[in-house]
Amino acid sequence: MELLDVFAVVVEQVSLNKASQLLNISQPALSRKIMKLEEELGVELFIRKGKRLELTKAGQICYDHALELRHVERKFKQTLQMYKAAGTHSSITVGASLTTLQATLPDLITDYLQVYPLTEIKLLTGKTHEIVTMVKENKVDIGIVASQINASSLHCEPLFDDHLCLVLPLGHPFIDRAQITMSDLNDLPMILFSKGTWYRILMDELFHRYTIFPNVQMEIDSFEAIIRLVSTCKTATLLPKSYLREDLIQNNELILRYLVELEQTKRTTSLIYSDQATDNPESLKFIEQTINYFAKHK
């Protein structure tokens, strides 16, 4: 490796004299190094024309290889520097519902990896009660759920409040209404989340409270599928405000309507973890980063 580095400098300086000055060694010592490299490789690297050196074909191949090694070494040092700056390689397992995974985690994980780029993040999905069990049984380090959990064995950190919005496709007859109330949802064709998901539980509680019987045409547990089908089937849906980014609304030609009853019914997304997580430095970093992230983005 050292001889190849020396050889590359000689090629770039096109002179043993200039190369010896740059390398801070005597010219005879430099000549011996080049001769040693030629002996080891069994090829002639230079054709000497007076004081000038010209590369042979074998010399050009050797120089190309030296450049590749120089690039690999530079990349290695950069990676090592990142490793030293970010700390040791680590991993953390996060449990979240599919809806939380789609709506909340992408931006949070992007933010976290900018600070701790060498962290491997593993994700497990499940319904809210399943995530709570995973945290209790230490199958995940951290849980993020669309609820506030009151359990003596768990810590619960509220992150942000959210509410549902009525989402309509272009051309829907409700768009031109000056006001929409919960009673207008009675017998309205809708695509809703699957039963058992936290958002569907919230919706069913609302329907029961206001004696609403929507015409549920499909039940799906994917944000993206609901968004696409609302536009295609020209039906309505209820989705959390936190998921409805401006670009998503525009790209799918959707209209949001805010109902007083929906805005008054909030749900809280929370971070949950066990006592064991507080003994894990990686878990503590994720907890702190998550709390700070949502404090900045409220």
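The present account deals with the structure reproduced in this document. (Residues numbered from 1 in each chain as written. Predicted model: local features only at pLDDT ≥ 70, side-chain atom pairs only at ≥ 80, totals over all residues. Heavy atoms only, no water.)

Taken across its 5 residues, strand β7 (residues 189-193) has 4 buried, putting it largely inside the fold. Both β7 and strand β8 (residues 215-220) contribute to a ladder of 5 bridges, which runs parallel. Within the sheet, the bridge partner assigned to Pro189 lies in β8 and is Asn215. Following the chain from β7 across helix α8 (residues 198-209) to the adjacent parallel β8, one finds a crossover that is right-handed. Sheet topology note: the β7/strand β9 (residues 236-240) ladder contains 2 bridges and is parallel. Within β9, the residue paired with Ile191 across the bridge is Thr237. (Buried < 20%, exposed > 50% of the residue type's maximum accessible area, 1.4 Å probe, protein only. Helix = DSSP H or I, 4+ residues; strand = E, 2+ residues; numbered from the N terminus. Pairing = 2+ DSSP bridges. Right-handed = clockwise from strand over helix to strand, strands pointing away.)

We now examine the packing of aromatic side chains. Applying the stated criterion across every chain yields a total of 9 aromatic pairs. Ring centres of Tyr199 and Phe223 lie 6.0 Å apart, and the angle between their planes is 65°; on these two criteria the pair is classed as edge-to-face. Of the two residues, Tyr199 is situated in helix α8 and Phe223 in helix α9 (residues 223-233); the sequence distance between them amounts to 24 residues. Residue Tyr199 shares its accessibility class with Phe223, and that shared class is buried. Among the aromatic residues, those joined into a ring-pair cluster are Phe193, Tyr199, Phe223 and Tyr243. Positioned over the ring face of Tyr243 is Arg245, at 5.9 Å from the centre of the ring. (Phe/Tyr/Trp six-rings, centres within 6.5 Å; stacked < 30°, edge-to-face > 60°. Lys NZ or Arg CZ within 6 Å of the ring centre and 35° of its normal.)

Our next topic: unusual backbone geometry. Located in the positive-phi region is Thr211, a residue other than glycine, with phi close to 55°. With respect to the helices, strands and loops of the structure, Thr211 is situated in the loop between α8 and β8. A positive phi angle, near 55°, is found at Glu253, a position not held by glycine. If you trace the backbone, Glu253 turns up in the loop between α10 (246-251) and β10 (254-257).

Another point: the packing of helix α2 (residues 16-23) against helix α3 (residues 27-41). It is at 9 Å that the axes of α2 and α3 come closest, and there the two elements cross at 105°. When the axes of α2 and α3 are compared, the pair comes out roughly perpendicular. Contacts between α2 and α3 involve Leu16, Asn17, Ala19, Ser20 and Leu23 from the former and Gln27, Leu30 and Ser31 from the latter. Residue composition of the contact of α2 with α3, by class: 4 nonpolar, 4 polar and no charged. (Axes fitted to C-alpha atoms, helices over the stretch in contact; angles between N-to-C directions. Parallel < 35°, antiparallel > 145°, perpendicular 65-115°, else oblique. Contact = heavy atoms within 4.5 Å. Nonpolar A, V, L, I, M, F, W, Y, C, P; charged D, E, K, R; others polar.)

Our next topic: the side chain of Thr128. Position of Thr128 relative to the elements: it lies in helix α7 (residues 128-136). Given a relative accessible area of 15%, Thr128 falls into the buried group. When neighbours within four sequence positions are excluded, Thr128 is seen to be in contact with Val145, Ser147, Ile149 and Trp198.

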